[in-house]
Amino acid sequence: MELVYCPACHHVGIKSRLERARCDSCGADARLVAVPYPWQYYVGVGLVLGGALFLFLPQVFDTLAWAGIVASIPVRITFLIAFLVVGLVLTNAGLRVMKETARERGREAYPEADA
Ligand SMILES: [Zn+2]
């Protein structure tokens, strides 16, 4: 995922691969800002993937220690929803952190609009 920063209005958006970098707030040319993924993002993605394994591995290997916990379908669905909700909250929090970082870096890299 790539973020773009607009020097004209300080808006931070997500760049799609096909489009030209353009501010979706004011339409001015936006600049690509490289931002690392924060820990919230990795934990969120890991939780969803780990949660899927936690739920579906016992169906393949019935000797796993926690197989009894996730034996019934309502329990599996409850776990699945919990993993997805927490994972989404974390990846959203990570996205907010990324946008905040992109805004700061963009402001430093392209200060012309502040003049
Ligand atoms: Zn703009």
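To be clear, the structure that these remarks concern was listed above.
Here's what I pulled together on the structure shown here. Bear in mind the structure is a predicted one, so any value in this text is a computation, not a measurement.

1. Focus: the environment of E108
Tracing the chain through its elements places E108 in helix 2 (residues 73–109). For the pair E108 and A93, spaced 15 residues apart in sequence, the C-alpha to C-alpha distance is 23 Å.

2. Some thoughts on the coordination of the zinc ion
The protein atoms that coordinate the zinc ion are C6 (SG), C9 (SG), C23 (SG) and C26 (SG), at distances spanning 2.2 to 2.3 Å. Geometry at the zinc ion is tetrahedral, judged from the four donor atoms that bind it and their angles of 107 to 114° at the metal. Mapped onto the polypeptide sequence, the residues donating to the zinc ion form the spacing pattern C-x2-C-x13-C-x2-C. With C6 in the loop between strand 1 (2–5) and strand 2 (12–15) and C23 in the loop between strand 2 and strand 3 (31–33), this residue pair connects regions lying 17 residues apart in the sequence. The same class applies to C6 and to C23, which are both buried.

3. So, the side chain of T91
Tracing the backbone through its elements, the reader meets T91 in helix 2. Beyond its immediate sequence surroundings of up to four residues, T91 is in contact with Q40, Y41, G44 and V45.

About the thresholds
Residues numbered from 1 in each chain as written. Predicted model: local features only at pLDDT ≥ 70, side-chain atom pairs only at ≥ 80, totals over all residues. Heavy atoms only, no water. Helix = DSSP H or I, 4+ residues; strand = E, 2+ residues; numbered from the N terminus. Donors = N, O, S within 2.8 Å, 3.2 Å for Na, K, Ca; no water. Tetrahedral: all angles 85-135°; square planar, octahedral: opposite > 155°, others 65-115°. Buried < 20%, exposed > 50% of the residue type's maximum accessible area, 1.4 Å probe, protein only. Contact = heavy atoms within 4.5 Å.

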